[in-house]
Number of protein chains: 2
Amino acid sequence: MSNSPPIEQADRLLDAFITPMTETRVPIPTLERLAIYLRVLLDALEAGIQTLSSQEMEQHSGISAAQFRKDLSYFGEFGKPGVGYSVPALIQCIEKILRLDKEQPILLVGAGNIGSALVGYPNFQAHRLRIAAVFDNNFVKIGRPFGDLIIEDIARVKEVNASIGARLGIIAVPASAAQEVADLLVEAGVRGILNFAPTILRVPPHVHVRNVSIVQELAVLSYHVAEETV
Amino acid sequence: MSNSPPIEQADRLLDAFITPMTETRVPIPTLERLAIYLRVLLDALEAGIQTLSSQEMEQHSGISAAQFRKDLSYFGEFGKPGVGYSVPALIQCIEKILRLDKEQPILLVGAGNIGSALVGYPNFQAHRLRIAAVFDNNFVKIGRPFGDLIIEDIARVKEVNASIGARLGIIAVPASAAQEVADLLVEAGVRGILNFAPTILRVPPHVHVRNVSIVQELAVLSYHVAEETV
DNA sequence: GCGGGACTGTGAACGGTTTCACAGTGTGTG
DNA sequence: CACACACTGTGAAACCGTTCACAGTCCCGC
Ligand SMILES: NC(=O)c1ccc[n+]([C@@H]2O[C@H](COP(=O)([O-])OP(=O)(O)OC[C@H]3O[C@@H](n4cnc5c(N)ncnc54)[C@H](O)[C@@H]3O)[C@@H](O)[C@H]2O)c1
Ligand SMILES: NC(=O)c1ccc[n+]([C@@H]2O[C@H](COP(=O)([O-])OP(=O)(O)OC[C@H]3O[C@@H](n4cnc5c(N)ncnc54)[C@H](O)[C@@H]3O)[C@@H](O)[C@H]2O)c1
């Protein structure tokens, strides 16, 4: 009675476009932790600490010393036995691994609440992440200043990115528009998308998507806080 | 047999306060996926779909049918062989599992950019998540309206939460203030914290923390977009 | 220059999650 | 009413990431 065969067909075509298993040699959790290590190291550098052992990293990051060493071992040998790791040197290494050693331009789509928070976020700078352009489809907003930038028409994203050459994009538009924006970003040459909209994006296999889902995070917490009542 | 030798140095006071291994019966990835299933189901409901098979869920969520069934099997039997799952019934079940069936009040700390985006976010409502109070420490902001709420003094958080009884809190303050705010939230009875600040929070074992780290997400993407150049 | 102590790097064991495959079950049909 | 079908639920296997434990290296003091 309430079957939906036409949807099924449409979905099948798109199936090859579903976010793929990225055949990775390096575990994704390792990459996530590298960013944490980097933060600790930058703090340590600021505090004037020159050398850090894996034990000390455990104290500061909450990640086990063995895990830290194993994570780094995917990329090479950075420490000195008996001493530890040179803070400045390791910062450089991790930045290089994560490609944060050179400025990484980013396209932001959606000049709303989230976009607004992001465009003025001072912490990006320390990681050489830079929002290089902002796009929207609202003609009232297009042309207006937004942070240091001028809001551009999303229709021009490919054109604009031809000169910027950004490989990263952020989607901060309503869920209903997210897929269409994703398609435009991919078309414009973006290969990595940070998606704030509550939707599963379908992208070609060479494009990576990471979702920021606040509702999901709260839902997991909601489960936990109740669980422990019992 | 393999009794671990005493870890003298690591047995610091702080250590007992590091975010612990949550001894969970249900895998955390399962909980995260439940929120995704819920979103798909709510969409399906809105589209008038009454029944969904695990195959169809795979189409819409990108999560394998087997994974979907296994995830649900941690909590009971919700489907009918030969038919699939009743959309409205399964929504109710997942809401109950995640404790999203009753209104869940949340304390928000930090009336800045992020706080501003969150306080007006309409999508919380569908999940019965409600920001019940907003706190800040800036005397210029305290007393001002913020969304539908009035910004309260963070010093009064325990007092205010005595009447609200929130178990969830969101930290949207600068990293330098995050730990101190976390301590106050815990003191006020919060057991689950969503942390936007780039810091590792130290909390007692019964408190759960989840971090939203945009820089970390971008760093992982940064690695991936470069990797595929080679 | 030698020995003791500190710490790294990593193969191997472990534990947890995902995938597989199929037995079991409700549904619809002839 | 019986059979074919579609789909679920789940033990078992495969896979993957984490933890363990130790051999190897380097520094420092003497
Ligand atoms: N606000 C929050 O706290 C919050 C929390 C979690 C998730 N999100 C999600 O993040 C996304 C953005 O949220 P927000 O609060 O910033 O929304 P918003 O409504 O404030 O801003 C959305 C912006 O996107 C623009 N837009 C719409 N369609 C577009 C299109 N096709 N192309 C380009 N621009 C387009 C709009 O003009 C608007 O400026 C939403 O998907 C939302 O669900 C928001
Ligand atoms: N803006 C972004 O895009 C972004 C992105 C990722 C992470 N973050 C992180 O989220 C957090 C908040 O960011 P934001 O942009 O909203 O910052 P913000 O500066 O706009 O707002 C912070 C608010 O916290 C208040 N505050 C400071 N100390 C406090 C205390 N001890 N108790 C209570 N309130 C206090 C301030 O008065 C201010 O209103 C920061 O840790 C930031 O690093 C922000």
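Residues numbered from 1 in each chain as written. Chains lettered and ligands numbered in written order. Predicted model: local features only at pLDDT ≥ 70, side-chain atom pairs only at ≥ 80, totals over all residues. Heavy atoms only, no water.

A few words now on the overall build of chain A. Scanning chain A for helices and strands turns up nine helices and ten strands. Residue burial in chain A is summarised as follows: out of 230 residues, 47% are buried. For chain A, the share of sequence-separated contacts (at least 6 apart) that also reach a separation of at least 24 residues comes to 57%. By element, 53% of the accessible surface of chain A is carried by carbon and sulfur atoms, the whole surface being about 11400 Å². (Helix = DSSP H or I, 4+ residues; strand = E, 2+ residues; numbered from the N terminus. Buried < 20%, exposed > 50% of the residue type's maximum accessible area, 1.4 Å probe, protein only. Contact = heavy atoms within 4.5 Å. Areas by Shrake-Rupley, 256 points an atom, 1.4 Å probe, with all protein chains shown as cover.)

Taken together, the contact pairs 70 residues of chain B with 71 residues of chain A. Run the count over chain B and chain A and you get two salt bridges. Taken together, the elements giving at least two residues each to the side of chain B that touches chain A come down to α1 (28-46), α2 (54-61), β4 (104-109), α5 (113-119), β8 (168-171), β9 (192-195), β10 (208-211) and α8 (214-227) of chain B. Looking at the side of chain B that touches chain A element by element, the count peaks at 14 residues for α8(B). Across the side of chain B that touches chain A, the residue classes tally to 37 nonpolar, 19 polar and 14 charged. (Salt bridge = Lys/Arg side-chain N within 4 Å of Asp/Glu carboxyl O. Nonpolar A, V, L, I, M, F, W, Y, C, P; charged D, E, K, R; others polar.)

What follows concerns the site of ligand 1. Lining the immediate surroundings of ligand 1 are 25 residues, of which A:I114, A:D136, A:K141, A:V173 and B:Y121 lie closest. Neighbouring residues of ligand 1 are not confined to one chain but are distributed across chains A and B. Residue A:I114 places a main-chain N or O atom 2.8 Å away from an oxygen atom belonging to ligand 1. Between an oxygen atom of ligand 1 and a side-chain N or O atom of A:K141, the distance comes to 2.7 Å. Computed on the free molecule, ligand 1 has an accessible area of 820 Å², of which 86% lies beneath the protein chains in the complex. No other element matches the four residues that helix α8 (residues 175-187) of chain A contributes to the shell around ligand 1. Residue composition of the shell around ligand 1, grouped by class: 17 nonpolar, five polar and three charged. (Near = heavy atom within 4 Å. Polar contact = N/O pair within 3.5 Å; in protein donor to acceptor, adjacent residues only side chain to side chain.)

The environment of DNA strand D is formed by 26 residues, the closest being A:R33, A:P81, B:S54, B:R69 and B:Y85. Among the atoms of DNA strand D lying within 4 Å of the protein, the sugar-phosphate backbone contributes 67%. B:E77 places a polar side-chain atom, nitrogen or oxygen, 3.2 Å from a sugar or linking oxygen of DNA strand D. At the level of elements, α2 (28-46) and α4 (65-73) of chain A together with α3 (65-73), β2 (79-80) and β3 (84-86) of chain B are the ones that each hand at least two residues to the surface near DNA strand D. With four residues, the top contributor of residues to the surface near DNA strand D is α4(A). The residue inventory of the surface near DNA strand D, partitioned by class, reads nine nonpolar, nine polar and eight charged.

The subject of this paragraph is the pattern of salt bridges. One pass over the structure, following the stated rule, counts 18 salt bridges over all chains. With a shortest N-O distance of 2.6 Å, A:R33 and A:D71 are connected by a salt bridge. Placement of the pair is A:R33 in helix α2 and A:D71 in helix α4, with a sequence separation of 38 residues. A:D71 carries the same exposure label as A:R33, and that label is buried. Salt bridges here are not isolated pairs; linked through shared partners, they connect A:E32, A:R210 and B:E217.

Our focus in this paragraph is the pairing of strand β8 (residues 168-171) of chain A. Where a strand is regular, its side chains alternate between the two sheet faces. Residue and element names in this part refer to chain A. Burial along β8 is two-sided: L168 and I170 facing one way and G169 and I171 facing the other are all buried. Sheet analysis places strand β4 (residues 104-109) next to β8, joined by four bridges and oriented parallel. Looking across to β8, one finds that L108 is bridged to I170. Strand direction decides the pairing type here: β8 and strand β9 (residues 192-195), joined by four bridges, are parallel. Bridge assignment links L168 to a residue of β9, and that residue is G192. Handedness of the crossover joining β8 and β9 through α8: right-handed. (Pairing = 2+ DSSP bridges. Right-handed = clockwise from strand over helix to strand, strands pointing away.)

Moving on, we come to the domain arrangement of chain A. Taken domain by domain, chain A comprises domain 1 (7-97) and domain 2 (104-216). For domain 1 of chain A versus domain 2 of chain A, the distance between C-alpha centres works out to 25 Å. (Domains from an automatic or database assignment.)

Moving on to the environment of B:L194. Residue position: B:L194 is located in strand β9. Taking relative accessible area as the criterion, B:L194 reaches 0% and is therefore assigned buried. Sequence-distant contacts of B:L194, defined by excluding residues within four places in its chain, comprise A:I214, A:E217, A:L218, A:L221, B:G169, B:I170, B:I171, B:R210 and B:V212.

Attention now goes to unusual backbone geometry. Trans is the common state for peptide bonds, and a negative phi is the common state for residues other than glycine. The backbone phi angle of A:R128 is positive, close to 60°, even though this residue is not glycine. Residue classification places A:R128 among the partly exposed positions, given a relative accessible area of 34%. At B:R99, a position not held by glycine, the phi torsion is positive, near 60°. By secondary structure assignment, the location of B:R99 is in the loop between α4 (87-97) and β4. Look at B:R99 and you get partly exposed, because its relative accessible area is 28%.

Further remarks concern the site of ligand 2. Residues in close proximity to ligand 2 total 25 residues, the closest being A:Y121, B:I114, B:D136, B:K141 and B:V173. Close to ligand 2, residues of chains A and B are found. In the environment of ligand 2, an oxygen atom lies 3.5 Å from a nitrogen or oxygen atom belonging to the backbone of A:L118. In the environment of ligand 2, an oxygen atom lies 2.8 Å from a nitrogen or oxygen atom belonging to the backbone of B:I114. When ligand 2 is considered free in solution it has 820 Å² of accessible area, and contact with the protein chains removes 86% of it. The element that contributes the greatest number of residues to the shell around ligand 2 is helix α7 (residues 175-187) of chain B, accounting for four residues.

The next point concerns the environment of A:A126. Here A:A126 is to be found in the loop between α6 (113-119) and β5 (129-136). Residues A:A126 and A:R39, spaced 87 residues apart in sequence, show a C-alpha to C-alpha distance of 9.8 Å.

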